[in-house]
Amino acid sequence: MEPTAAIWIRNPLAILADGAERGTVVQGGRIVELVPAGREPSTATAAVFDASAHVVLPGLINTHHHFYQTLTRALPAAMDRELFSWLQALYPVWARLTPESLDLGVTAAVSELLLSGCTTTTDHHYVFPAGLEDAIDIEVAAAKRLGIRVLLTRGSMNRSQKDGGLPPDSVVQDEDTILADSARVVARHHQRGEDAMVQIALAPCSPFSVTTSLMRATADLAEKLDVRLHTHLAETEDENRFCEELYRCRPLDYLEQCGWLNARTWLAHGIFFNAGEMKRLGKAKAAISHCACSNQILASGCCPVCEMEEAGVAVGLGVDGSASNDASNLMQEVRAAFLLQRARYGVTRVSHKDALRWATKGSAACVGRPELGEIAVGKAADLALFKLDDLRFSGHGDPLAALVLCGAHRADRAMVGGKWAVIDGAIPGLDVPDLIRRHSAAARAMHAG
Ligand SMILES: [Zn+2]
């Protein structure tokens, strides 16, 4: 096989890597060399990309999202509510999701993510009204079309209102259907190995929307198929009360009883864990997706990120669904996490570099991909390049700090597996005005019912 041509990302304005002052060389989807100050690459480079106007980061990794929710942003009926009441307002709207509207929702979310410097994203899709049985297949197709790396989760809900759960009967499925389709999508789409572009994980929505039987069976299936596990946990005080009333224990105890407290699992939110629970999470090597914007909009609370990390828990960042953020911009999420955690812990414990680390190495741990999230030899050639030529950056000192402190929100370039997915601030082949037109029309149809 012909080795793919090497590209030297030359002379970056700044780069989040040690010993790479003159840039990095990528080849065959991997980072093959870091070029220190005063040196030339030792790899024969066929192409040079002049990065002298760019700040180069490892591609950002989004560890929690619900792509379809881009169709229900800033919906008046759901605004100014806390989680449970917010969900109850939205479920009937989400029940109207169709294959066509999902495709548009996914395309919008992934495009926003790519343009914000995100090169790997997860998605948690758990709404399966009749007619939307191929939801995960639709998501895979859109991700491949746009060139982003994905870990898509086959979500599920099987505890509806008639069984004491929150969702209406029309958006849930039965356990056998869920497990059969979970096995199907893993067999069909899950790629193994360090170059994987599409992976699948299993993801019951939350302890209050699935049965114990499904939680346990999902953990068993994930073990058998060797895939990751994801769910929402400890997002609100309401959830603690729900668990204590229904299961007579706290959410983490319940998770453990269901066979989930292990290194396969990453959890969205993780706000209401006590010190002992954080230690148990760390020991089990479970990871947390911190969703700073969503937690602030729904007033859920603040994930104790520093205590988590001190307890050995890897923490990544997630934009969360676009009905509770309502943006899908991961670079903005870095700033939001930085601000929220700095307000909590102070200037000596949280810096802009911590927030960037959460969105890269921390997120890589959440998705179980240590080959991502770092600019180092042997890692994946996933990069995000930002220019500092906007008015908002004018007068900056430290270019890396400026990204976070001045509020970068738009990547000029993004590379995924050695291929450019964003060029000059645009996704090649994507007609954004046309996407906005069709996505907005689909959203209006859903809102109107
Ligand atoms: Zn979520």
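One structure accompanies this document, and this report is about it. (Residues numbered from 1 in each chain as written. Predicted model: local features only at pLDDT ≥ 70, side-chain atom pairs only at ≥ 80, totals over all residues. Heavy atoms only, no water.)

1. Structural notes on the overall build of the chain
Phase 1 of the analysis: From N to C terminus, the chain includes 14 helices and 17 strands.
Phase 2 of the analysis: For a compact globule of 449 residues, the expected C-alpha radius of gyration is about 22 Å, and the chain comes in at 21 Å, within 12% of that figure.
Phase 3 of the analysis: With respect to the three principal axes, the spread of C-alpha positions in the chain is 70 × 45 × 45 Å.
Phase 4 of the analysis: A burial count over the chain gives 61% of its 449 residues as buried.
Phase 5 of the analysis: The contacts in the chain between residues at least 6 apart in sequence include a share of 74% that link residues at least 24 apart.
Phase 6 of the analysis: For the chain, the exposed surface amounts to about 16800 Å²; the carbon and sulfur share of it is 52%. (Helix = DSSP H or I, 4+ residues; strand = E, 2+ residues; numbered from the N terminus. Rg over C-alpha atoms; globule rule 2.2 N^0.38 Å. Buried < 20%, exposed > 50% of the residue type's maximum accessible area, 1.4 Å probe, protein only. Contact = heavy atoms within 4.5 Å. Areas by Shrake-Rupley, 256 points an atom, 1.4 Å probe, with all protein chains shown as cover.)

2. Section: the nonpolar core
Phase 1 of the analysis: In terms of nonpolar packing, the biggest core is built from 130 residues, with Trp94, Phe273, Leu281 and Met331 touching the most fellow members.
Phase 2 of the analysis: It is helix H1 (residues 83-94) that provides the largest number of residues to this core, a total of 9 residues.
Phase 3 of the analysis: Residues contacting methionine 331, with those up to four places away along its chain left out, are Leu57, Leu60, Ser116, Leu356, Phe386, Leu403, Val404, Ala408 and His409.
Phase 4 of the analysis: With 16 residues, the next largest nonpolar core counts Ile31, Leu34, Leu383 and Leu385 among its residues. (Core = buried A, V, L, I, M, F, W, Y, C linked by side-chain atoms within 4.5 Å.)

3. Some words on the coordination of the zinc ion
Phase 1 of the analysis: Coordination of the zinc ion by the protein is provided by His64 (NE2), His66 (NE2), His232 (NE2) and Asp320 (OD), with metal-donor distances spanning 2.1 to 2.4 Å.
Phase 2 of the analysis: Metal-centred angles of 87 to 172° between the 4 donor atoms at the zinc ion mark the site as irregular.
Phase 3 of the analysis: All donors of the zinc ion come from a single chain, and their spacing in sequence reads H-x1-H-x165-H-x87-D. Of this pair, histidine 232 sits in strand E11 (residues 229-233) while aspartate 320 sits in the loop between strand E14 (315-317) and helix H11 (330-345), placing them 88 residues apart in sequence. Here histidine 232 and aspartate 320 have matching classes, each one buried. (Donors = N, O, S within 2.8 Å, 3.2 Å for Na, K, Ca; no water. Tetrahedral: all angles 85-135°; square planar, octahedral: opposite > 155°, others 65-115°.)

4. Things to note about helix H4 (residues 175-189)
Residues spaced three or four apart along an α-helix point in a common direction, a consequence of the helix completing one turn every 3.6 residues.
Phase 1 of the analysis: For H4, which comprises 15 residues, the first-to-last C-alpha distance of 21 Å matches the rise-based estimate of 21 Å (1.5 Å per residue) to within 8%.
Phase 2 of the analysis: Of the residues making up H4, those classed as buried are Glu175, Ile178, Leu179, Asp181, Ser182, Val185, Val186 and His189. The buried residues of H4 all sit within an arc of 165° when viewed along its axis, so they share a single face. Exposed residues pointing more than 90 degrees away from the buried face of H4 are listed as Asp176, Ala187 and Arg188. (Expected span 1.5 Å × (residues − 1). Arc of directions from axis to C-beta.)

5. Looking at the side chain of glutamate 371
Phase 1 of the analysis: Tracing the backbone shows glutamate 371 in the loop between helix H12 (352-366) and strand E15 (383-387).
Phase 2 of the analysis: Discounting chain neighbours no more than four positions away, the residues touching glutamate 371 are Gly193, Glu194, Lys379 and Ala380.

6. Some words on the packing of helix H3 (residues 135-146) against H4
Phase 1 of the analysis: One can describe the packing of H3 onto H4 by two numbers: an axis separation of 10 Å at closest approach and a directional angle of 25°. Taken together, the axes of H3 and H4 lie roughly parallel to each other. Classified by chirality, the crossing of H4 by H3 is right-handed. Contacts from Ile136, Asp137 and Val140 in H3 reach Arg184, Val185, Arg188 and His189 in H4.
Phase 2 of the analysis: When its residues are assigned to classes, the contact of H3 with H4 shows 3 nonpolar, 1 polar and 3 charged. (Axes fitted to C-alpha atoms, helices over the stretch in contact; angles between N-to-C directions. Parallel < 35°, antiparallel > 145°, perpendicular 65-115°, else oblique. Left-handed = near helix turned anticlockwise from the far one by under 90°. Nonpolar A, V, L, I, M, F, W, Y, C, P; charged D, E, K, R; others polar.)

7. So, the sheet that holds strand E5 (residues 47-50)
Backbone-to-backbone hydrogen bonds join strands into a sheet, with any given pair of strands oriented parallel or antiparallel.
Phase 1 of the analysis: Here 4 strands make up an open sheet; going across it, the order is E4-E3-E1-E5 and the pairing mixed. In this open sheet, the two strands that pair with only one neighbour each are strand E4 (30-34) and E5. Ignoring strand direction, the axes of neighbouring strands in this sheet form an average angle of 25°. (Pairing = 2+ DSSP bridges.)

8. A look at the pairing of strand E8 (residues 118-125)
Phase 1 of the analysis: Burial analysis of E8 places 8 of its 8 residues in the buried class, which makes it a mostly covered element.
Phase 2 of the analysis: Judged from the 3 bridges that link them, strand E7 (residues 60-62) and E8 form a sheet pairing that is parallel. If you follow leucine 60 over to E8, its bridge partner there is cysteine 118.
Phase 3 of the analysis: Relative to strand E9 (residues 149-156), E8 runs parallel, the two sharing 6 bridges. Note that in E9 the partner of threonine 120 across the bridge is arginine 149.
Phase 4 of the analysis: With H3 bridging E8 and the parallel E9, this β-α-β connection has right-handed handedness. (Right-handed = clockwise from strand over helix to strand, strands pointing away.)

9. A word on the packing of aromatic side chains
Phase 1 of the analysis: Under the counting rule described, the total for this entry stands at 9 aromatic pairs.
Phase 2 of the analysis: Three or more aromatic residues link up through ring pairs in this structure, and these residues are Tyr68, Trp86, Tyr91, Trp94 and Tyr126.
Phase 3 of the analysis: Directly above the ring of tryptophan 8 sits arginine 10, whose terminal nitrogen or CZ lies 5.4 Å from the centroid.
Phase 4 of the analysis: In this structure, arginine 154 packs its charged tip against the face of phenylalanine 128, placed 3.8 Å from the ring centre. (Phe/Tyr/Trp six-rings, centres within 6.5 Å; stacked < 30°, edge-to-face > 60°. Lys NZ or Arg CZ within 6 Å of the ring centre and 35° of its normal.)

10. Things to note about the sheet that holds strand E2 (residues 14-15)
Phase 1 of the analysis: Here we have 5 strands laid out as an open sheet, ordered E2-E6-E15-E16-E17, and mixed in their pairing. The open sheet has two edge strands, E2 and strand E17 (419-422), and neither has a second partner.
Phase 2 of the analysis: Relative to strand E6 (residues 54-58), E2 runs parallel, the two sharing 2 bridges. For isoleucine 15, the partnering residue across the bridge sits in E6 and is valine 56.

All we've got here are geometric facts, nothing functional implied.
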